[in-house]
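# Inside the fold
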Amino acid sequence: MFYEAGFSIYLLHLCVILNAMHNIDIFLYLTDYKKLHIMIKPLLIFNSQKNNFTFAVEQYNLLICFFVLLFTSGNTFAQNSKVVPENFVTGAFLGPLANSTRSNQLLIDDSQLTTLSGKYITSISFRLPTTVSNPWPATNTTFSDYQIYLSNSVDPANRQLNFAANVVGTQTQVRSGSLVIPAGSLTAGGNPNNFTFDIVFDTPYLYTGTNLLIEIRHTGSDGSSASTHAAGTSSAGYGTLFSACWLQSTGSVANANFSYVKINALDALGVKSVEFDDSLSIYPNPAKDFVYIKSSRDVVELNVFNMVGQKIYSQKNISETTHLNVSSFSKGNYILQMIDRDGNTKTTKFIKE
């Protein structure tokens with residue numbers, strides 16, 4: 001009984017430790033034996049001192065099962081974020097939140113994004129400079145058309161003052177249309193300030209571990225401009241780990257400070273990358289009460305995730321034509337995942353109005 005009580009207390013301590021480490025990629029503890037052994041070692045010492053090796057082995061196996069269940073169930077750690085650059089400097093750049101037409105590119109070296117490889121990028125966010133004393137915007141502000149494109153890029157060291165030359169492969173448009181930023185969405189008073197407003201993509205982007213180019217094109221807003229916190233061109237890492245440029249009103253491209261950007265991603269929603277064919281239809285979108293799904297493929301499971309990675313709905317045993325009741329969902333953007341009998345997945349975004 002004494003040993004069982006000690007083991008229960010140890011598990012509780014582990015839960016507290018793991019919860020405190022929620023911003024670290026702690027899944028590494030599952031795949032790195034040395035790290036896992038460090039966390040389990042106190043248990044083995046405790047029981048070996050009590051001459052109860054058999055019981056220690058049983059608890060070791062149980063603890064391994066505990067880790068597996070912890071990391072493979074639910075969506076507690078589904079959300080992943082990365083801020084670039086990592087070092088903190090004082091600076092600003094007027095571009096992503098300007099009230100006039102702007103286009104700019106952010107180039108990020110793949111070494112800065114290793115924790116996002118294989119995940120779906122779903123949104124980005126910017127923050128205000130530390131010199132700002134008031135939240136922004138003062139009133140609700142609307143950008144009539146805010147477009148974002150993602151792609152591979154040349155190394156930041158090879159960035160040119162030519163947008164097309166910086167793109168490697170094909171650009172994927174992940175967002176378009178109006179963008180409404182409610183009053184006070186970006187907070188002030190911090191050092192640095194927090195990332196408090198996400199620009200959510202229409203289509204999640206599967207990041208495969210390459211350099212990343214974020215290109216923003218917008219037509220300006222009906223409110224005041226706001227600078228974003230940025231690293232200057234002489235900052236450590238600029239030109240090697242990250243770089244930026246922007247399109248001037250004259251039509252020429254110039255160097256730009258690199259706006260601090262928080263990149264939000266979700267774990268890949270399926271184990272295979274094969275997508276369904278064109279016989280799949282989803283309607284209406286946006287939806288108010290029901291989303292109808294029709295496919296000639298043998299869809300066996302539907303999952304709905306909100307934009308912070310939480311699974312909020314799951315349905316199995318799908319018929320050829322099915323409907324998803326979304327009337328109780330809050331207004332906003334969601335990701336619908338469909339899985340066929342062969343394990344192939346298709347993910348798409350829908351809007352609840």
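Everything here concerns the structure above.
Below is a summary of the structure that appears in this document. (Residues numbered from 1 in each chain as written. Predicted model: local features only at pLDDT ≥ 70, side-chain atom pairs only at ≥ 80, totals over all residues. Heavy atoms only, no water.)

## Regarding the overall build of the protein
- A count of helical and extended segments in the protein gives 5 helices and 22 strands.
- Taking the contacts inside the protein whose residues are at least 6 apart along the sequence as the reference set, 77% of them involve residues at least 24 apart. (Helix = DSSP H or I, 4+ residues; strand = E, 2+ residues; numbered from the N terminus. Contact = heavy atoms within 4.5 Å.)

## A word on the packing of aromatic side chains
- Taken as a whole, this structure holds 8 aromatic pairs when the rule is applied.
- Judged by centre distance (5.9 Å) and plane angle (85 degrees), the ring pair of Tyr-238 and Phe-242 falls under edge-to-face. Pair check on accessibility: Tyr-238 and Phe-242 agree, each one buried.
- Aromatic side chains Tyr-283 and Tyr-292 sit 5.7 Å apart centroid to centroid with 15 degrees between the ring planes, which places their arrangement in the stacked category. (Phe/Tyr/Trp six-rings, centres within 6.5 Å; stacked < 30°, edge-to-face > 60°. Buried < 20%, exposed > 50% of the residue type's maximum accessible area, 1.4 Å probe, protein only.)

## Details of the nonpolar core
- Counting 43 residues, the largest nonpolar core has Ile-124, Ile-148, Leu-212, Ile-214, Val-261 and Ile-263 as its most contacted members.
- Apart from residues no more than four positions distant in its own chain, Ile-214 is found in contact with Asn-104, Gln-105, Leu-106, Ile-108, Ile-124, Ile-148, Tyr-149, Leu-150, Val-261 and Ile-263. (Core = buried A, V, L, I, M, F, W, Y, C linked by side-chain atoms within 4.5 Å.)

## Things to note about the sheet that holds strand E12 (residues 242-247)
- The strand order E7-E6-E10-E3-E12-E13 describes an open sheet built from 6 strands, whose pairing is antiparallel. At either end of the open sheet lies a strand with only one pairing partner, and these are strand E7 (167-175) and strand E13 (253-255). Adjacent strand axes in the sheet meet at a mean angle of 20 degrees, parallel and antiparallel pairs treated alike.
- Direction of pairing for strand E3 (residues 102-108) relative to strand E10 (residues 212-218): antiparallel, over a ladder of 7 bridges. By the bridge assignment for E10, Leu-107 is matched with Leu-213. (Pairing = 2+ DSSP bridges. Axes fitted to C-alpha atoms, helices over the stretch in contact; angles between N-to-C directions.)

## Description of a nonpolar patch on the surface
- On the surface, a nonpolar cluster with roughly 260 Å² of combined accessible area is contributed by Tyr-283, Phe-290 and Tyr-292.
- Secondary-structure assignment places Tyr-292 in strand E17 (residues 290-294).
- Judged by relative accessible area, Tyr-292 falls into the partly exposed class, the value being 33%. (Patch = residues over 30% accessible without salt bridge, like charges linked within 9 Å, V, L, I, M, F, W, Y side chains within 5 Å. Areas by Shrake-Rupley, 256 points an atom, 1.4 Å probe, with all protein chains shown as cover. Salt bridge = Lys/Arg side-chain N within 4 Å of Asp/Glu carboxyl O.)

## Things to note about the environment of Ser-252
- Note that Ser-252 resides in the loop between E12 and E13.
- Sequence separation between Ser-252 and Leu-161 is 91 residues; the distance between their C-alpha atoms is 8.0 Å.
- Among all residues touching Ser-252, those that are not within four sequence positions of it are Trp-246 and Leu-247.
- A distance of 2.8 Å separates the side chain of Ser-252 from the side chain of Gln-248, its partner in a polar contact.
- A polar contact is formed between the side chain of Ser-252 and the side chain of Thr-250, at a distance of 3.0 Å. (Polar contact = N/O pair within 3.5 Å; in protein donor to acceptor, adjacent residues only side chain to side chain.)

## Quick word on unusual backbone geometry
- Of note, the amide linkage connecting Asn-191 to Pro-192 takes the cis form, showing an omega dihedral of 5 degrees.
- Here Pro-192 lies in the loop between strand E8 (179-181) and strand E9 (198-206).
- Note the cis peptide between Asn-285 and Pro-286, where omega equals 10 degrees.

## Thoughts on the sheet that holds strand E21 (residues 332-340)
- Strands sit in the order E19-E18-E21-E22 across an open sheet of 4 strands; the sheet is antiparallel. On the outer flanks of this sheet lie strand E19 (311-316) and strand E22 (345-352), each paired with one strand and no other. Strand-to-strand twist across the sheet, computed as the mean angle between neighbouring axes with direction ignored, equals 20 degrees.
- Bridge analysis of strand E18 (residues 299-306) against E19 gives 5 bridges, and the strand direction is antiparallel. Within E19, the residue paired with Val-304 across the bridge is Tyr-313.

## Some points on the environment of Phe-350
- Mapping Phe-350 onto the fold places it in strand E22.
- Accessibility expressed as a relative area gives 1% for Phe-350, which makes it buried.
- Taking the C-alpha atoms as reference, Phe-350 lies 6.2 Å from Pro-286; in sequence the two are 64 residues apart.
- With residues up to four places along the chain from it excluded, the contact list for Phe-350 reads Asn-285, Val-291, Val-304, Leu-324, Val-326, Phe-329, Gly-332, Asn-333, Tyr-334 and Leu-336.

## Quick word on the environment of Ser-224
- Tracing the sequence through the fold places Ser-224 in the loop between E10 and strand E11 (228-231).
- When its relative accessible area of 42% is taken as the criterion, Ser-224 is described as partly exposed.
- Considering only alpha carbons, one finds Ser-224 and Leu-97, 127 residues apart in sequence, at a separation of 8.8 Å.
- In contact with Ser-224, other than residues within four places in its own chain, are Leu-97, Asn-99 and Trp-136.
- Within polar-contact distance, the side chain of Ser-224 engages the side chain of Trp-136 at 3.3 Å.

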